[in-house]
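Listed here are the chains, written in short residue letters.
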There are 2 protein chains.
Amino acid sequence: MDGAGSDITAETIAADIAFAVHEHRLAPGSKLSEDEVGHVFGVSRTVVRAALQRLAHDRLVELKRNRGAFVAQPSVTEAREVFEARALLEPRTARSAARRATPDDIGILQRHIDEEHAAVREGSAGRALYLSGRFHLEIARIADQATIAEFIGQLVSRSSLVIALYWERRGALCESHAHHALLRALAEHDGARAEELMQSHLVDLLTSLDLRNRTSAPTSLSQALKL
Amino acid sequence: MDGAGSDITAETIAADIAFAVHEHRLAPGSKLSEDEVGHVFGVSRTVVRAALQRLAHDRLVELKRNRGAFVAQPSVTEAREVFEARALLEPRTARSAARRATPDDIGILQRHIDEEHAAVREGSAGRALYLSGRFHLEIARIADQATIAEFIGQLVSRSSLVIALYWERRGALCESHAHHALLRALAEHDGARAEELMQSHLVDLLTSLDLRNRTSAPTSLSQALKL
DNA sequence: GCACTCTAAATTGTATCCAATTTTGGATTC
DNA sequence: GAATCCAAAATTGGATACAATTTAGAGTGC
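Here is what the cut-offs are and how they apply
- Residues numbered from 1 in each chain as written.
- Chains lettered and ligands numbered in written order.
- Predicted model: local features only at pLDDT ≥ 70, side-chain atom pairs only at ≥ 80, totals over all residues.
- Heavy atoms only, no water.
- Near = heavy atom within 4 Å.
- Polar contact = N/O pair within 3.5 Å; in protein donor to acceptor, adjacent residues only side chain to side chain.
- Helix = DSSP H or I, 4+ residues; strand = E, 2+ residues; numbered from the N terminus.
- Salt bridge = Lys/Arg side-chain N within 4 Å of Asp/Glu carboxyl O.
- Buried < 20%, exposed > 50% of the residue type's maximum accessible area, 1.4 Å probe, protein only.
- Least-squares fit on C-alpha atoms with pLDDT ≥ 70 in both.
- Expected span 1.5 Å × (residues − 1).
- Arc of directions from axis to C-beta.

*Asks:* Account for the protein's contact with DNA strand D, naming residues and giving values.
*Replies:* The environment of DNA strand D is made up of 15 residues, and the closest members are S44, T46 and R67 of chain A together with R45 and R49 of chain B. Looking at DNA strand D alone, sugar and phosphate atoms form 71% of those within 4 Å of the protein. Between DNA strand D and N66 of chain B there is a distance of 3.4 Å, counted from a phosphate oxygen to a backbone nitrogen or oxygen. A per-element tally of the surface near DNA strand D places helix α3 (residues 45-57) of chain A first, with three residues.

Below, the structure is given as structure tokens:
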């Protein structure tokens, strides 16, 4: 996987760790030791530190002074704030995307949904969650707003942590239908409908959380990284 | 200034540089040499690099591989995107702020406006611009949405760069009236009006730019840092 | 048996060092 | 005189070294 000419940089390490968090292979609270990460990727601590700082800036990792890096554990208020920010950004972005979506874009989104269904069928919930997030990010990309897309990307990542900590309705595939409806609105260039659907989809997500007690908590080894 | 117990960290260096950019003491395109910055702050390149990476993540600095760090020069499309993102976030945030604003909050905002006027009077346009940005950030803080406030903070910073590059209407104190009207709407808890005012204020800002040719460009020494 | 303390190991923060790349300046050529 | 090329200087990327802090654990006392 990393044998040949794969140049490992701070950016790729950060992306790999973010991906692992996205797929819930790295639980919130997990310690990310510099030596350990450096050993896994075969680089010195210098590069690892840059990667961790980058992740900390995205709020995926919390840096505690003299104590090291941990996968972030968003508080209840932070969880609410993340979804409120998404509610501000994503509906209007979906409207823009509906205006601009090409047949190719629709095809890409459809493939995302298909892959997500396949992942759910074969029981890989982590991958399904990742693909579900990518669907949202793809819409932002279609809207052709790089700046907003970057914010949404960060919020989607943080939502992954929120879901790991506070998700309640296990097994309910509430995503599939919402995403499918959104896809149709986009295909029909119905911006108003896309905006509405995104809005209610985000509300659904937030209400599917149990913000009283965190479900997950135990931390896993970062050995679940490389594969 | 930095003599006594001031512990200089990557964070404080990043803040100082960001402040200098905010006040237009550091022009877009300025080279930020690691050795130079390190010498100014009395730290090694290690901590300078961390600060520059942090600024790069905020898009205030552009890191060119093997070439070093430069104060960012937002493109025309990036300039538009920054203001479109602000148009998405700030009006609704102003509405929330109007709901929550306490007399103390209003006092703080009034003081901001007063200081801004004073800065304009004594001809320190840089400081006035900085305070004008802080006004927007303060509203986000009043809305009690840390996540959104962080985004707005980044966008305000980037707006500073955009203004440095593309500002046209020199001398027009278009800010003062808009901010004063906003303050009144907030004081009266008139959320709808605050939202409208913020919306049109942002449109005004965007239309005050000449997005055809960049006005500023020459780069200044980073010796304009410490004071 | 439990808590406390003190020491040793481990981990992070920062500085320095070396290799690689870029930049600069001058000499050469047309 | 202008462009090109080559070598020296400067700058960045990354690894290592060392100091400071935290963590772990054994030992002691009650």
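From this point, the narrative continues.
*Asks:* Any details on the pattern of salt bridges? Residues and values, ideally.
*Replies:* All names here are of chain A. Across all of its chains, the model carries 30 salt bridges over all chains by this definition. A salt bridge links R86 to E90, with the shortest nitrogen-to-oxygen separation between them at 2.4 Å. Note that R86 and E90 are positioned in helix α4 (residues 76-100) at a spacing of four residues, about one turn of the helix. For the pair R86 and E90, a shared accessibility class is recorded, and that class is buried. It is possible to trace a salt-bridge network through shared partners that takes in E23, R25, E115 and R127.

*Asks:* So what about the relation of the copies chain A and chain B? Which residues, and what values?
*Replies:* Note that the two copies of the chain are related through a rotation about an axis and a translation along the same axis. Each copy superposes on the other: chain A lies on chain B with an RMSD of 0.0 Å after a rotation of 180° and an axial shift of 0.0 Å. Overall, the copies show the geometry of a two-fold rotation axis.

*Asks:* Lay out helix α9 (residues 191-207) of chain A with the relevant residues and their values.
*Replies:* Residues and elements named next belong to chain A. Compared with an ideal rise of 1.5 Å per residue, which puts 17 residues at 24 Å, α9 spans 24 Å between its outermost C-alpha atoms and is within 8% of the ideal. Taken as a whole, α9 has its buried residues at G191, A194, E195, L197, M198, H201, L202 and L205. Buried residues along α9 cover an arc of 165° about the axis, so they all sit on one side. The exposed residues of α9 that point more than 90 degrees off its buried face are E196 and T207.

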